[in-house]
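Chains, contacts and geometry: an overview
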Protein chains: 2
Amino acid sequence: MRIGILGYGNLGRGIECAVRQNEDMTLAAVFTRRDPASLKLQTPGVPVYSASEAAAHKDEIDVLIICGGSATDLPEQTPLYAADFNVVDSFDTHAAIPAHFANVDKAARESGHTAMISVGWDPGMFSLNRLYASCILPEGRDYTFWGRGVSQGHSDAIRRIEGVRDARQYTVPVEAALESVRAGENPELTTRQKHIRECYVVAEEGADKARIEHEIVTMPNYFADYDTTVHFITEDELQREHKGIPHGGFVIRTGCTGREGENRHVIEYRLKLDSNPEFTASVLAAYARAVYRLNGEGCVGCKTVFDIAPAYLSPKSGEELRAHLL
Amino acid sequence: MRIGILGYGNLGRGIECAVRQNEDMTLAAVFTRRDPASLKLQTPGVPVYSASEAAAHKDEIDVLIICGGSATDLPEQTPLYAADFNVVDSFDTHAAIPAHFANVDKAARESGHTAMISVGWDPGMFSLNRLYASCILPEGRDYTFWGRGVSQGHSDAIRRIEGVRDARQYTVPVEAALESVRAGENPELTTRQKHIRECYVVAEEGADKARIEHEIVTMPNYFADYDTTVHFITEDELQREHKGIPHGGFVIRTGCTGREGENRHVIEYRLKLDSNPEFTASVLAAYARAVYRLNGEGCVGCKTVFDIAPAYLSPKSGEELRAHLL
């Protein structure tokens, strides 16, 4: 299976690593909007092309994994490239999924390709777990907690404050809320009760730290509804202690069964990730295998993780899976 | 969707409860090998028929859920009833799955029905989580822990000892082993290091408790390879404290990504169940929906949880799922 990568940022580099872990995949090409000569790949011998020339290489690629951002890149890129390629993306603007799905589905059907959108862990593996758990326990309630992990959007919001040189924001689930959910207490949780926000900030020399802290904790949408802590640290500390991009979280559903609902059950799915982009890339690579196979079976159009039978993710045969994993 | 139940034990009664929680399902009939007049259902107006007359009622049932035991019932029942019905079973003898699959597949294909075997939580949801996690993190290792929960087989083994009136055995994961796995230490764990066995025993009056305890802890296969504790209790205590059938467990995969495998990830799926049979029944009911739909699409033969796209489990449309659960 010949994999193409469009966009060589954190996610694209993660795909490159994931391809190396899957024996049935090879990295066939990387496409970039930058100057192709400026990219240094980890994998020797792989060509780098300009994104604008991608269509000329469509016969060299079985599945193109599109590693753009959800805000402006993917809404344009995924339908565009679905005209020439089987594609997978990690579109994660939950509210805009129906519109994105419709655009990609139309393009993929017209060209006879198979496309998948919103692959990763949320949307992605967390969505799958919400679906499975809600189908098994129809009388129940589910909760999603994120973290402990770096939120890029919140880190960026802090960096835009005057006097801030750099910043890193961690989203942290509130332990007491998690415990209450696990205990089946079905709590009603406010935004503040579910997550806290920890900020590590490098201030410019002579900046007014009290003002920066005040601007952070009162920032609407981003921080005002949360208990937020602000720690001023040095550039060195930031580089040493906060260089990684960890993330993770929990999907928990509690529900009841029995004549009178007397028996309670807890289904919990947890991720603890050292690298958010590399894990997301690993999910994308597994689903690229499914896309390739589905296209081979003539199954075209746009799919999500809900539409893919799990066996399609595995390089093993049905016989092997039944004998060893079931 | 008209559901039939074959076998009205703990699992069959669990199906009856699960059907009530799913608005698109009705319980159409219960089939039993006992005298039909001897069964008292919870649901008014549902007919009880003799299992031997099931074929006469095939047009009244969309999916028949077969609630027999894996040792001797299901290997005969599931292929037999797949001749006349779409069927689902919870066959859980892992080593015999390939042979059972072949028998059921042949019967279902010949009759144009859709069948699913080995549905529940292990095999079932645990298998799914082993599959997803191993496809996402190909360089990794997974561990399954069971419990804390009642093992029927081990409880029965104790009851067969002379002088034992009743007994309940709990399988308990070793907390230190769980923590080591979660920490990504990839431990090599012996049987003894993974689980302990807690036994609650009601002895006959005047029985030699020291001998009973010795027979339990030295019993080959069942207890000799474990750290086993034996607690003698009264019949009253057993009824009061150990009446339930709780179970659960953990599937954990740890793996690494990155240029040098420098980033580690933990995927953990956990179940904590008040009632093992009722939860299993809830999984069976959700997959009965999938079987019904697949048959409507002309997809016949034997399937497992690996073959079913998650969306088939849900009463919601693709549009609804994408808009609200993805």
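Small disclaimer: the values here were computed from a predicted structure and weren't measured. (Residues numbered from 1 in each chain as written. Chains lettered and ligands numbered in written order. Predicted model: local features only at pLDDT ≥ 70, side-chain atom pairs only at ≥ 80, totals over all residues. Heavy atoms only, no water.)

**A look at the overall build of chain A**
This is how it is decided: A run of H or I in DSSP becomes a helix once it reaches four residues, and a run of E becomes a strand once it reaches two; helices and strands are each numbered from the N terminus. When we talk radius of gyration, it's over C-alpha atoms, and the globule rule is simply 2.2 Å times the number of residues to the 0.38. Using a 1.4 Å probe on the protein chains alone, a residue whose accessible area is under 20% of its type maximum counts as buried, one over 50% counts as exposed, and one in between counts as partly exposed. Throughout, a contact is declared for two residues whenever any of their heavy atoms are within 4.5 Å. Values of accessible area rely on a 1.4 Å probe in the Shrake-Rupley scheme; residue burial ignores everything except the protein chains shown. When charges are counted, Lys and Arg contribute as positive and Asp and Glu as negative, whereas His and the chain ends are disregarded. By convention, the point assigned to a charge is CZ for Arg, NZ for Lys, CD for Glu and CG for Asp.
Scanning chain A from terminus to terminus reveals 11 helices and 14 strands. Taken against the 2.2 N^0.38 rule, which gives 20 Å for 326 residues, the C-alpha radius of gyration of chain A at 22 Å falls within 12% of a compact globule. Each of the three principal axes of chain A carries a C-alpha extent, and together these read 65 × 60 × 35 Å. Here chain A holds 326 residues, and 59% of them are scored as buried. A fraction of 68% describes how many contacts in chain A between residues 6 or more apart in sequence connect residues 24 or more apart. Split by element, the accessible area of chain A, about 13,400 Å² in all, is 47% carbon and sulfur. Here chain A contributes 34 positively and 46 negatively charged side chains, and the mean placements of these two sets differ by 2 Å.

**What to know about the relation of the copies chain A and chain B**
Between the two chain copies there is a screw-like relation: a rotation about an axis and a shift along it. Rules: Superposing the copies works by least squares over the C-alpha atoms of residues that have pLDDT at least 70 in both of them.
The transformation that overlays chain A on chain B combines an axial shift of 0.0 Å with a rotation of 180°, and the residual RMSD is 0.0 Å. Such a combination of turn and shift is consistent with a two-fold rotation axis. Across chain A, the smallest distance between a C-alpha and the rotation axis is recorded for A309 of chain A, namely 1.9 Å. Taken together, the interface assignments show that 100% of the residues at the interface of chain A recur at the interface of chain B, consistent with an identical surface on both copies.

**Comments concerning the side chain of N129 of chain A**
Locating N129 of chain A in the fold gives a position in helix α4 (residues 125-136). If sequence neighbours within four positions are ignored, N129 of chain A has contacts with V251 and Y269 of chain A together with N129 and Y269 of chain B.

**Some remarks on the pattern of salt bridges**
Working definition: two side chains of opposite charge can pair if their charged atoms are close together. All names here are of chain A. Where we set the bar: For this analysis, a salt bridge means a side-chain nitrogen from Lys or Arg found within 4 Å of a carboxyl oxygen belonging to Asp or Glu.
Applying the stated rule across the entire model yields 40 salt bridges over all chains. For the salt bridge of D84 with K58, the shortest nitrogen-to-oxygen distance reads 3.6 Å. Of the two residues, D84 is situated in the loop between α2 (73-81) and β5 (87-89) and K58 in the loop between β3 (48-50) and β4 (63-66); the sequence distance between them amounts to 26 residues. For K58, a relative accessible area of 38% puts it in the partly exposed group. We note a salt bridge from R182 to E179, for which the minimum N-O separation is 2.7 Å. Here E179 and R182 lie together in helix α6 (residues 175-182), a separation of three residues that amounts to about one turn. The buried category is assigned to R182, whose relative accessible area is 19%. The structure contains a network of salt bridges with shared partners spanning D156, R159, D166 and R168.

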